[in-house]
Amino acid sequence: MHNPLRSEADAFRWVVVIGLAAGSIIALTLLFRPAVGAIWGLILIAAGAWLIWRNSRGKLPRDLQLSRGGDGRYRLLVVANQTVGGKALLTEIANRGGGRRSEILVVTPALAGSRAAHWASDLDEGMELARQRMELSLQAIDEAGMRARGTVGYSDPNVAIEDALADFPADEIIISTHPPDRSRWLENGVVQRARDEIRLPVTHVIVDLDAERVATAG
């Protein structure tokens, strides 16, 4: 679940809606009787709770154009955060995008420092750390002989994928995670949800940073 208030505009719209709802409850209570206002209030609360739940899950529009096609380019969307510079991921990118006219977009979702910071949308530190990891990944991809561009995405990786596909109609998606025993993304079902909601090949790459450090030191 992610924060349904993804911008100041979203927050303002909710304030307006809440104000109008409160006004309608007061008006019905004064014009008729308290029971009518109470019933209407319960209906509005239920409707609001449903909207918040729906928006918090995020959803890929089914009519979204997912591939341009026809120009001979292979478009690869890479989604990774702490594993963004892992050797296993870079190898997979090279296997997919190397040797062809490819266009690679690396999306690094920002990390919220805490639950309170997340709901307050105070993600400056998480976005800066994500940007630094993204730049290191782009440098590594460049050293492997490929070209890529990057962007910092929303903290919910599924929403970050949705946002990226709105401007980058990929042919394939690579999602990189830690091993299952210490991956929050896998615990939250990020990979499976992407496969369920998006009509594109989704490749899951496991990056064990600890093992890579040991191998490098050895």
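Conventions used here
- Residues numbered from 1 in each chain as written.
- Predicted model: local features only at pLDDT ≥ 70, side-chain atom pairs only at ≥ 80, totals over all residues.
- Heavy atoms only, no water.
- Helix = DSSP H or I, 4+ residues; strand = E, 2+ residues; numbered from the N terminus.
- Buried < 20%, exposed > 50% of the residue type's maximum accessible area, 1.4 Å probe, protein only.
- Contact = heavy atoms within 4.5 Å.
- Areas by Shrake-Rupley, 256 points an atom, 1.4 Å probe, with all protein chains shown as cover.
- Salt bridge = Lys/Arg side-chain N within 4 Å of Asp/Glu carboxyl O.
- Patch = residues over 30% accessible without salt bridge, like charges linked within 9 Å, V, L, I, M, F, W, Y side chains within 5 Å.
- Pairing = 2+ DSSP bridges.
- Axes fitted to C-alpha atoms, helices over the stretch in contact; angles between N-to-C directions.
- Left-handed = near helix turned anticlockwise from the far one by under 90°.
- Nonpolar A, V, L, I, M, F, W, Y, C, P; charged D, E, K, R; others polar.
- pLDDT = per-residue confidence, 0-100.

## Observations concerning the overall build of the chain
And then number 1: A count of helical and extended segments in the chain gives nine helices and five strands.
And then number 2: Along the chain, helices (α) and strands (β) appear in the sequence α-α-β-α-β-α-α-β-α-β-α-α-β-α when read from the amino end.
And then number 3: In the chain, which comprises 218 residues, the share counted as buried stands at 39%.
And then number 4: A fraction of 78% describes how many contacts in the chain between residues 6 or more apart in sequence connect residues 24 or more apart.
And then number 5: Counting only carbon and sulfur atoms, one obtains 58% of the accessible surface of the chain, whose full area is about 12600 Å².

## As for the pattern of salt bridges
When the charged atoms of two side chains lie near each other, side chains of opposite charge can form a pair.
And then number 1: Taken as a whole and judged by the stated rule, the model has 12 salt bridges.
And then number 2: Here Arg193 and Glu197 are joined by a salt bridge, their closest N and O atoms 3.3 Å apart. Linking Arg193 with Glu197, this pair stays in helix H8 (residues 190-197), spanning four residues, or about one helical turn.
And then number 3: Take Glu197: its relative accessible area is 16%, and that puts it in the buried class.
And then number 4: Ionic contacts of the salt-bridge type, sharing partners, join the residues Asp181, Arg182, Asp208, Asp210 and Arg213 into one network.

## Remarks on a nonpolar patch on the surface
And then number 1: There is a patch of nonpolar side chains on the surface, built from Ile39, Trp40 and Ile43 and spanning about 290 Å² of accessible area.
And then number 2: Tracing the backbone shows Ile39 in helix H2 (residues 34-57).

## A word on the sheet that holds strand E4 (residues 172-177)
The pairing of strands in a sheet comes from backbone hydrogen bonds and takes either a parallel or an antiparallel form.
And then number 1: The five strands lie next to each other as E3-E2-E1-E4-E5, forming an open sheet whose pairing is parallel. Two strands in the sheet have a free side with no partner beyond their single neighbour: strand E3 (148-153) and strand E5 (202-206). Pairwise comparison of adjacent strand axes, ignoring direction, gives a mean angle of 20° for this sheet.
And then number 2: Inspection of the sheet shows strand E1 (residues 74-79) paired to E4 by four bridges, in the parallel sense. In the sheet register, Leu76 faces E4, and the bridge partner there is Glu172.

## As for the side chain of Asn81
And then number 1: Mapping Asn81 onto the fold places it in the loop between E1 and helix H3 (87-97).
And then number 2: Non-local contacts of Asn81, meaning those with residues more than four positions away in its chain, are made with Thr108, Pro109, Ala110, Leu111, Arg133 and Trp185.

## Let's talk about the side chain of Ser102
And then number 1: Here Ser102 is to be found in strand E2 (residues 102-109).
And then number 2: With residues near it in sequence (within four places) discarded, Ser102 still touches Arg73, Tyr74 and Gly97.

## Here we look at the packing of helix H6 (residues 157-167) against H8
And then number 1: Between H6 and H8, the shortest axis-to-axis distance is 9 Å and the interhelical angle comes to 35°. Two packed elements cross with a definite hand, and for H6 against H8 that hand is right-handed. Judged by residue contacts, Pro157, Asn158 and Ile161 of H6 engage Val190, Arg193 and Ala194 from H8.
And then number 2: When the residues that make up the contact of H6 with H8 are grouped by side-chain class, the tally is four nonpolar, one polar and one charged.

## Comments concerning the pairing of E2
And then number 1: The buried fraction of E2 amounts to seven of the eight residues, a majority that puts the element mostly inside the structure.
And then number 2: Two strands pair when backbone bridges link them, and E1 and E2 are joined in this way by six bridges, in the parallel orientation. What sits directly across from Leu77, in E2, is Leu105.
And then number 3: Relative to E3, E2 runs parallel, the two sharing six bridges. Across the sheet, Pro109 pairs through a bridge with Gly153, a residue of E3.

## Focus on the confidence of the model for the chain
And then number 1: For the chain, the average pLDDT comes to 78, and 77% of its residues sit at 70 or higher.
And then number 2: A low-confidence stretch, residues 61-65 (pLDDT under 50), is modelled with nine contacts involving residues beyond four sequence positions or located in other chains.
And then number 3: Ignoring residues within four places in sequence, the model shows residues 113-120, a span with pLDDT below 50, making 11 contacts including any to other chains.

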